[in-house]
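# Structure at a glance
For reference, the chains in residue letters:
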Amino acid sequence: QKEVEQNSGPLSVPEGAIASLNCTYSDRGSQSFFWYRQYSGKSPELIMSIYSNGDKEDGRFTAQLNKASQYVSLLIRDSQPSDSATYLCAVLGEGDYKLSFGAGTTVTVRA
Amino acid sequence: ETGVTQTPRHLVMGMTNKKSLKCEQHLGHNAMYWYKQSAKKPLELMFVYSLEERVENNSVPSRFSPECPNSSHLFLHLHTLQPEDSALYLCASSQDGTGLVETQYFGPGTRLLVL
């Protein structure tokens with residue numbers, strides 16, 4: 001059973017601060033990692049993907065991957081109220097088509 | 001908005017009803033998925049189709065019956081559901097269901113309430 005663990009939150013950060021979200025996974029053979037954002041009542045929306053160790057930056061978002069520690073994180077810089085959502089970590093195994101999702105971390109950015 | 005659409009967006013049904021959920025993708029993808037999302041739980045994969053062939057049935061009860069007539073359309077037929085089946089049902093698609101860099105794109109979901 002592949003497991004993906006996230007802190008459920010809620011994570012409350014002031015506007016302009018950095019929000020840091022963490023995710024660990026159990027399958028050491030996992031190769032592809034995704035962060036989805038889901039607004040309340042909406043479907044998940046892909047915001048970042050990462051495949052190799054290190055950092056990947058896209059605008060205010062930075063994904064960090066450490067395969068040795070089986071850990072992937074998402075940083076949101078200069079947090080805005082519009083970033084308030086649930087963030088889902090998803091992991092794809094090697095040669096696999098099944099995404100395993102974490103339960104999500106709810107982020108609230110307070111003005 | 002994504003290129004994956006779902007209808008209906010909301011559905012209320014009794015336990016004896018039969019209904020169907022529809023998903024259509026306009027992205028030229030070959031793989032389609034059904035997920036169930038219950039409150040405070042991770043997304044649960046239900047079914048996977050690749051090139052119209054079912055490649056995964058994730059121990060889903062037989063009261064859920066998928067159908068994939070072509071690579072652009074996916075249905076989920078529902079009959080004699082239980083109240084605990086109330087959830088958000090999400091459809092997703094990806095390029096071909098294999099490979100290292102597969103990204104799944106989700107539809108808006110159908111919010112189902114079983115009374």
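Our subject is the structure that appears above.
The notes below deal with the structure included here. (Residues numbered from 1 in each chain as written. Chains lettered and ligands numbered in written order. Predicted model: local features only at pLDDT ≥ 70, side-chain atom pairs only at ≥ 80, totals over all residues. Heavy atoms only, no water.)

## So, the sheet that holds strand β8 (residues 71-76) of chain A
All names here are of chain A. The cut-off we apply is this: A strand pair is defined by DSSP finding two or more bridges across the two strands. Secondary structure is summarised from DSSP: a helix means a run of H or I of at least four residues, a strand means a run of E of at least two, and numbering begins at the N terminus for each. As a rule, the C-alpha atoms of each element are fitted with a line to give its axis, helices using only the stretch in contact, and angles between N-to-C directions run from 0 to 180 degrees.
The antiparallel open sheet is built from 5 strands, whose spatial order is β1-β3-β8-β7-β6. One side of each edge strand has no neighbouring strand; the edge strands of this open sheet are β1 (4-6) and β6 (54-58). Going across the sheet, the axis of each strand differs from the next one's by a mean of 20 degrees, ignoring polarity. Pairing of β1 with strand β3 (residues 19-25), which is carried by 3 bridges, proceeds in the antiparallel orientation. Opposite glutamate 5, over in β3, you have threonine 24 as the bridge partner.

## Focus on the pairing of strand β2 (residues 10-13) of chain B
Residues and elements named next belong to chain B. Put simply, the rule reads: Burial here depends on accessible area, computed with a 1.4 Å probe over protein chains only, as a share of the maximum for the residue type. Under 20% is buried, over 50% is exposed, and the range in between is partly exposed.
Burial along β2 is one-sided: Leu11 and Met13 are buried, while His10 and Val12, pointing the other way, are not. When β2 meets strand β11 (residues 110-114), the two strands line up parallel, connected through 4 bridges. Bridge pairing in β11 links leucine 11 to leucine 112.

## Digging into unusual backbone geometry
Cis geometry marks the peptide bond from threonine 7 of chain B to proline 8 of chain B; its omega dihedral reads -10 degrees. With respect to the helices and strands, proline 8 of chain B occurs in the loop between β1 (4-7) and β2. Although it is not a glycine, aspartate 78 of chain A sits at a positive phi angle of roughly 50 degrees. The topology assignment puts aspartate 78 of chain A in the loop between β8 and β9 (85-92). Phi at threonine 80 of chain B takes a positive value of approximately 45 degrees, unusual for a residue other than glycine. As for its position among the elements, threonine 80 of chain B is in the loop between β8 (73-79) and β9 (87-94). Judged by its relative accessible area of 42%, threonine 80 of chain B falls in the partly exposed class.

## With respect to the nonpolar core
The cut-off we apply is this: We define the nonpolar core as a collection of buried residues of types Ala, Val, Leu, Ile, Met, Phe, Trp, Tyr and Cys that are connected through side-chain atoms lying within 4.5 Å of one another.
Counting residues in hydrophobic clusters, the biggest one holds 23 residues, and the most contacted among them are Leu21, Trp35, Val72, Leu74 and Tyr87 of chain A. Elements with a minimum of two residues in this core: β3, β4 (32-38), β5 (45-50), β7 (61-66), β8, β9 and β11 (105-110) of chain A.

## Some points on the pattern of salt bridges
Operational definition: Salt bridge, as used here, is a side-chain nitrogen of Lys or Arg placed within 4 Å of a carboxyl oxygen of Asp or Glu.
Overall, the coordinates contain 4 salt bridges over all chains when judged by the stated rule. For glutamate 45 of chain A, the salt bridge is made with arginine 37 of chain A, and the minimal N-O distance between the two is 3.1 Å. With a shortest N-O distance of 2.7 Å, arginine 63 of chain B and aspartate 85 of chain B are connected by a salt bridge. Of this pair, arginine 63 of chain B sits in the loop between β6 (53-57) and β7 (64-70) while aspartate 85 of chain B sits in the loop between β8 and β9, placing them 22 residues apart in sequence. Overall, the relative accessible area of 2% leaves aspartate 85 of chain B in the buried class.

## Side note on the packing of aromatic side chains
Definition in use: Under the pairing criterion, centres of Phe, Tyr and Trp rings, with the six-membered ring standing for Trp, must be within 6.5 Å; the plane angle then separates stacked pairs below 30 degrees from edge-to-face pairs above 60, leaving the rest tilted.
Applying the stated criterion across every chain, the model contains 9 aromatic pairs over all chains. Ring geometry for tyrosine 36 of chain A versus phenylalanine 101 of chain A: centroids 5.8 Å apart, planes at 50 degrees, classification tilted. Remark: phenylalanine 101 of chain A occurs in strand β10 (residues 99-101) and tyrosine 36 of chain A occurs in strand β4; sequence separation between them is 65 residues. Aromatic pair phenylalanine 101 of chain A and tyrosine 35 of chain B: ring centres 5.7 Å apart, planes at 90 degrees, arrangement edge-to-face. In this pair, phenylalanine 101 of chain A sits in strand β10 while tyrosine 35 of chain B sits in strand β4 (residues 31-37), so the two residues belong to two different chains.

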